[in-house]
Amino acid sequence: MSIIEIIVLALIQGLTEFLPISSSAHLILPSQILGWEDQGLAFDVAVHVGTLVAVVIYFRKEVVDILGAWFKSFGQQGASDDSKLGWWIIIGTIPAAVLGLVFKDLIELYLRSAWVIAVTTIVFGLLLWYADVKGKQTKTIYQLNWKSALMIGMAQAMAMIPGTSRSGITMTAGLMLGMNKQSAARFSFLLAIPVISMMGLYYTAELALGDEVVDWTTLILGAGLSFISAYACIFLFLKIIERMGMMPFVIYRLLLGIGLIAFLMI
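Quick caveat: nothing in here was measured; it's all calculated off a predicted structure. (Residues numbered from 1 in each chain as written. Predicted model: local features only at pLDDT ≥ 70, side-chain atom pairs only at ≥ 80, totals over all residues. Heavy atoms only, no water.)

Caption draft 1: Molecular detail of helix α4 (residues 60–72). Taking 1.5 Å of rise per residue, the 13 residues of α4 would be expected to cover 18 Å, and the 18 Å separating its terminal C-alpha atoms lies within 8% of that figure. The complete set of buried residues in α4 reads Val 63, Ile 66, Ala 69 and Trp 70. Down the axis of α4, the buried set is contained in an arc of 145°. They therefore lie on one face. Opposite the buried face of α4, at more than 90 degrees from it, the exposed residues are Lys 61, Val 64 and Phe 71. (Helix = DSSP H or I, 4+ residues; strand = E, 2+ residues; numbered from the N terminus. Expected span 1.5 Å × (residues − 1). Buried < 20%, exposed > 50% of the residue type's maximum accessible area, 1.4 Å probe, protein only. Arc of directions from axis to C-beta.)

This is the structure in structure tokens:
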């Protein structure tokens, strides 16, 4: 990989992992449009580690509170709002973990194409717009229940399809279930922690069992850039949706999808 490819792909991963615009789509497009070679498994691990560290550090207080309350709930203290939230995150993670193992190879074989990305970018962008406009947006993150968490988790599993966007579809589901924008976004980000962790462990296991040569300079640079861009992205995104809602990202998705279709038809 050239230095330009490293910088571009790491920044794309960091910026798009938590925006509702699909990181997988943006990582596939350079190879589809520019003819870049696949970045390799080791680089995938590195940039995912960078984004994972970013979201954990940004939400470090919430993570500590939820973990502490969850463990204490097994003792005399019993359940609390934070311990319940911990259970909802676990429940919301199960569908992606199960369906990811079942359908991963099938999706990578048949759905990693620019046409699929173009269609899903538009379709799920319109769904995000509908949820943003029609959702009641009255519930906070602590008003979730296990059924809502499972529904958001099922939506998250759909993000295996390139162009869907993990953060986008989980926020869409949260808004449709009546959550306000900040709560939908925060639950989506917290839900990302176990999912990205599992992906990182899966890729690391594949890397350990494979024979790919590791370029540590490339990996460190990729992880560092993805961390910086992901952290900045989370901070700015929460500010933007508070003032402007999801519309800027809906417009971006529609323009990207239409542009891709026009490019593919040339």
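Still more to cover.
Caption draft 2: The arrangement of the packing of α4 against helix α9 (residues 181–209) in detail. Here α4 crosses α9 at 70°, and the two axes come no closer than 12 Å. Put simply, α4 runs roughly perpendicular to α9. At the point where α4 passes α9, the crossing takes the right-handed sense. Residues Glu 62, Val 63 and Ile 66 of α4 form the contact with α9, whose own contacting residues are Arg 186, Leu 190 and Ile 193. In terms of residue class, the contact of α4 with α9 is made up of four nonpolar, no polar and two charged. (Axes fitted to C-alpha atoms, helices over the stretch in contact; angles between N-to-C directions. Parallel < 35°, antiparallel > 145°, perpendicular 65-115°, else oblique. Left-handed = near helix turned anticlockwise from the far one by under 90°. Contact = heavy atoms within 4.5 Å. Nonpolar A, V, L, I, M, F, W, Y, C, P; charged D, E, K, R; others polar.)

Caption draft 3: View of the packing of aromatic side chains. The tally for this structure, following the rule as stated, stands at eleven aromatic pairs. Centroid distance Phe 18 to Phe 189: 5.6 Å. Interplanar angle 85°. Geometry classified as edge-to-face. One end of the pair, Phe 18, is in the loop between α1 (3–16) and α2 (23–34); the other, Phe 189, is in helix α9, and 171 residues separate them in sequence. Here the two residues Phe 18 and Phe 189 agree in accessibility, since each one is buried. Ring geometry for Tyr 58 versus Phe 59: centroids 5.0 Å apart, planes at 65°, classification edge-to-face. (Phe/Tyr/Trp six-rings, centres within 6.5 Å; stacked < 30°, edge-to-face > 60°.)

Caption draft 4: Representation of unusual backbone geometry within the structure. Positive phi outside glycine occurs at Gln 137, with the angle close to 55°. By secondary structure assignment, the location of Gln 137 is in the loop between α6 (114–134) and α7 (146–157). Even without being glycine, Ser 165 reaches a positive phi, approximately 85°. On the basis of relative accessibility, which here comes to 2%, the residue Ser 165 falls in the buried class.

Caption draft 5: Main features of the pattern of salt bridges. Inspection of every chain in the model, using the stated rule, returns three salt bridges. Across the pair Lys 61 and Asp 65 runs a salt bridge whose closest N-O atoms are separated by 2.9 Å. Residue Lys 61 and its partner Asp 65 are located together in helix α4, separated by four residues, close to a single helical turn. Lys 61 sits in the exposed class, given a relative accessible area of 59%. The salt bridge involving Asp 132 is made with Lys 181; its shortest N-O contact spans 3.4 Å. Of the two residues, Asp 132 sits in helix α6 while Lys 181 sits in helix α9, which places them 49 residues apart along the sequence. (Salt bridge = Lys/Arg side-chain N within 4 Å of Asp/Glu carboxyl O.)

Caption draft 6: Examining the nonpolar core more closely. Judged by nonpolar contacts, the single largest core of 45 residues is most densely connected at Phe 18, Val 55, Phe 59, Phe 187, Phe 189, Leu 190 and Phe 237. Per-element accounting of this core gives the leading share, nine residues, to α9. Those residues in contact with Leu 190 that lie beyond four places of it in its chain are Phe 59, Glu 62, Val 63, Ile 66, Leu 85, Ile 89 and Ile 141. (Core = buried A, V, L, I, M, F, W, Y, C linked by side-chain atoms within 4.5 Å.)

Caption draft 7: Geometry of the side chain of Gln 13. By the element assignment, Gln 13 lies in helix α1. Ignoring any residue separated from it by four or fewer positions in sequence, one finds Gln 13 in contact with Ser 23, Leu 27, Val 47, His 48 and Thr 51.

Caption draft 8: A look at α9. Taking 1.5 Å of rise per residue, 29 residues should cover 42 Å, and α9 covers 42 Å from first to last C-alpha, within 8% of that figure. Where α9 begins, the capping side chain belongs to Asn 180, and its oxygen is found 3.3 Å from the backbone nitrogen of Gln 182. (Polar contact = N/O pair within 3.5 Å; in protein donor to acceptor, adjacent residues only side chain to side chain.)

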